[in-house]
Amino acid sequence: MSLTAGIVGLPNVGKSTLFNAITNKNILAANYPFATIEPNVGVVVVPDKRLDFLNDLYKPKSLVPTTFEFTDIAGLVKGAANGEGLGNKFLSHIREVDAIVEVVRCFENSNIIHVENNIDPVRDIEIINVELILADLEIVENRINRIGKKAIMSKDKEALKEVELLNKLKECLEKNIPVRRLDLDEDELLIIKPFNLLTLKPIIYMANVSEDDLSNDGNSYVDMVREYAKGENAEVIVVCAQIESELSELNDEDKNMLLKELGVSDSGLDKLIRATYSLLGLKTYFTAGADEVRAWTFKDGMKAPGCAGIIHTDFEKGFIKAEVMSYTDLVKYGNEKNVKENGKMRLEGKEYLMQDGDICYFRFNV
């Protein structure tokens, strides 16, 4: 399951520096607008300590963690929806991601220019959000113009339902309200899915602070971001781009030592991945054996056949049963044999809802 998050923000907020750090990719991070023009894509390993236990137990020929794809998207400026800066090029890239990670500058530094000339994180957030709203509004209005009259004349129920929904979205967007704040039902979400609306995507705010403010878990600027984020139940992650750059160069032992010295328990990357998984309703199951131990990402609520299909479509088509044991039971009893002897190995059918930490062997026949 390919999952992507787009890292966005105004120019010079630390966005590309953070991207470099979390993906270990040395892209251009410069002190001027539009240092990033084409989107840069980096794949990061999702840290999961459960894999260490499984690796020690099975001693497989290969160990494959699950991954997450981050896209660093060009800095946005006021007027992008009307073509300013990189304009719609930026907006087309962001339509392809599952979630938006918005980096907000929450530090003072006279050596790093701010595109708006002073630090105001809420203003910066609203500049980006307004551009996304304007881009969505254009799509909605164009669709209304295309099908509105035809729907009324034909009295087609489905078309009329779509127009009614589009007018509801238009009214919302004209009030500067992102679509994600609307309480849309499953049918309504299905209708607007093809439009890939930007303001429907879930969002996380990353407050980029100085090293001193990182250990204090923020500052007055971060407080402003947190207050704003409450309005859409969004999470705020406090990071220091400079520290993340240093951490990316260290091995695990030195990394943990530096985090301890700073008085923080996790890196910004670890916090971001956890927050993104929670935001998108993601969980992990495992396949394990002598040849390979592997982690697989699935969405909460998926049934066994769908999860089998993540490995290969034939697994879903010919699904028969899934042999399932939980990670906690495997740790408790020490090995598969003991899990079976204690009646904790289960055979599950097509209606089984997969759980985080399930270890599975899929039976199928095509």
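One can find the structure itself at the top, above this paragraph.
One numbering rule holds for all chains: residues counted from 1, following each sequence as written. Selection of residues for local features in this predicted model requires a pLDDT of at least 70, selection of side-chain atom pairs for listing and counting requires 80 or more, and totals for whole chains, interfaces and linings are taken over all residues. The side-chain numbers reported here are obtained from all heavy atoms of the structure, hydrogens and water having been left aside.

Asker: Can you help me understand the sheet that holds strand S1 (residues 4-8) in this one?
Answerer: The strands that make up a sheet pair up through hydrogen bonds in the backbone, lying either parallel or antiparallel. Spatial ordering of the open sheet is given by S2-S4-S1-S5-S6-S7, a layout of six strands whose pairing is mixed. The open sheet has two edge strands with one neighbour each: strand S2 (40-45) and strand S7 (235-239). Here the average twist between neighbouring strands, direction ignored, is 25 degrees. Both strand S5 (residues 99-105) and strand S6 (residues 203-208) contribute to a ladder of six bridges, which runs parallel. Bridge assignment links Arg-105 to a residue of S6, and that residue is Asn-208. Whether two residues are in contact is decided by their heavy atoms, any of which lying within 4.5 Å being enough. Axis lines are fitted to C-alpha atoms, over the contacting stretch for helices. Their N-to-C directions set the angle, which ranges from 0 to 180 degrees. Going along the chain from the N terminus, every DSSP run of H or I of four or more residues is numbered as a helix, and every run of E of two or more is numbered as a strand. Of the strands in this sheet, S5 and S6 touch helix H4 (residues 121-154), which is tilted by about 145 degrees from S5. Whether two strands pair comes down to DSSP finding at least two bridges between them.

Asker: Before we go on, may I ask you to explain the packing of H4 against helix H8 (residues 220-230) in this structure?
Answerer: To characterise two packed helices, one gives the angle between the axes of the helices and the distance between these axes. At a minimum axis separation of 8 Å, H4 and H8 run at an interaxial angle of 40 degrees. Between H4 and H8, the angle is such that the two are oblique. For the pair H4 and H8, contact is made by Pro-121, Val-122, Ile-125, Glu-126 and Asn-129 and by Tyr-221, Met-224, Val-225 and Tyr-228, respectively. Gly is put with the polar residues, along with every residue not named as nonpolar or charged; the nonpolar set is Ala, Val, Leu, Ile, Met, Phe, Trp, Tyr, Cys and Pro, and the charged set is Asp, Glu, Lys and Arg. Broken down by class, the residue content of the contact of H4 with H8 amounts to seven nonpolar, one polar and one charged. These descriptions rest on fixed angle ranges, namely under 35 degrees for roughly parallel, over 145 for roughly antiparallel, 65 to 115 for roughly perpendicular, and the rest for oblique.

Asker: Sorry, what's going on with the pairing of S7 here?
Answerer: Successive side chains on a regular strand alternate, one facing one side of the sheet and the next facing the other. Relative accessible area decides the class of each residue, using a 1.4 Å probe on protein chains only: under 20% of the type maximum gives buried, over 50% gives exposed, and in between gives partly exposed. Judged by how many residues are buried, S7 sits mostly within the fold: four of five residues are covered. Inspection of the sheet shows S6 paired to S7 by five bridges, in the parallel sense. When the sheet's bridge partners are listed, Met-206 is paired in S7 with Ile-237.

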